[in-house]
Amino acid sequence: MRNRFDRQLEELNSDLIQMGSMIEHAIEMAIQALEKMDENKAAAAIAYDEEINAEEKEIENLCFKLLLQQQPVARDLRVISAALKMITDMERIGDHAADISEVTIHLARSRYKKNIIHIQKMATETTYMVVKSVEAYVEKNKEKAKEVIGHDDIVDELFCQARKDVIDIIRQDAELGEPATDLLMIAKYFERIGDHATNIAEWVIFSITGIHGKK
């Protein structure tokens, strides 16, 4: 019985790693579409979100199977409950990547074509956070998870800078109010991706230590 349970835990681990790779790819697609104002790439990124949603359902079903059919001990229960929380944040990251792509399509059809440097930096930093949060899970590395959590302050500061950039755009040309709002929405979605990466890192720490948060 325990051997079967261990095999299912290994399957859960592999599935989480797979979903982590999928959300990394989703962000990469969204960023490429944004940088090139490419509507086709943006549409592909939006469609990809369905695959992430399907993966979340599969992992969720496996977690419930482990909880209902087995009798996990405290540490195993911690791992399974952390997995359920992590896939929720991963799914939301996929949603936000799709959201960014939806706004990109709208932005590509406007007359504003210049990218904001602070949004580009947010894209870089949030990608880093997502990659490192997944690595922390794979490696069971508490210190790497803490690094992700600390990195969220950088993203928050970049969002404040991006918001100032948007205000400057509107001051310079009031007719650019609509694309400026689109840019602000994109910056907000990147900020949220950073928040979800932080949540993943906190659940990684919980799965290792049994303590949720930064400790």
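The model shown is predicted, which means the values in this text are computed figures rather than measured ones.

Definitions and limits used
- Residues numbered from 1 in each chain as written.
- Predicted model: local features only at pLDDT ≥ 70, side-chain atom pairs only at ≥ 80, totals over all residues.
- Heavy atoms only, no water.
- Helix = DSSP H or I, 4+ residues; strand = E, 2+ residues; numbered from the N terminus.
- Buried < 20%, exposed > 50% of the residue type's maximum accessible area, 1.4 Å probe, protein only.
- Salt bridge = Lys/Arg side-chain N within 4 Å of Asp/Glu carboxyl O.
- Contact = heavy atoms within 4.5 Å.

Caption draft 1: Looking closely at unusual backbone geometry. Despite not being glycine, methionine 37 shows a phi value in the positive range, around 50 degrees. Structurally, methionine 37 can be placed in the loop between helix H1 (2-36) and helix H2 (39-69). Under the relative-accessibility criterion, methionine 37 is labelled buried at 15%. Of note in the backbone geometry, lysine 140 takes a positive phi value of approximately 55 degrees without being a glycine. Positionally, lysine 140 belongs in the loop between helix H4 (117-139) and helix H5 (142-172). Residue lysine 140 is classed as partly exposed on the basis of its relative accessible area, which comes to 39%.

Caption draft 2: Geometry of the pattern of salt bridges. All chains considered together, the criterion is met by nine salt bridges. In this structure, the salt-bridge partner of arginine 92 is aspartate 95, at a minimum N-O distance of 2.6 Å. Placement of both arginine 92 and aspartate 95 in helix H3 (residues 74-108) is noted, with a separation of three residues, approximately one turn of the helix. Using a relative accessible area of 31% as the deciding quantity, one classes arginine 92 as partly exposed. On the accessibility criterion, aspartate 95 (14% relative accessible area) is buried. With a closest N to O distance of 2.6 Å, glutamate 191 and lysine 188 form a salt bridge. On the criterion of helical spacing, the pair formed by glutamate 191 and lysine 188 is a turn pair, its members being three residues apart in helix H6 (residues 177-209).

Caption draft 3: A look at the side chain of threonine 198. Looking at the element boundaries, threonine 198 is found in helix H6. A residue is classified by how much of its surface remains accessible, and threonine 198, at 8% relative accessible area, is buried. With near-sequence residues (within four places) excluded, threonine 198 lies in contact with Met129, Val148, Ile149 and Asp152.

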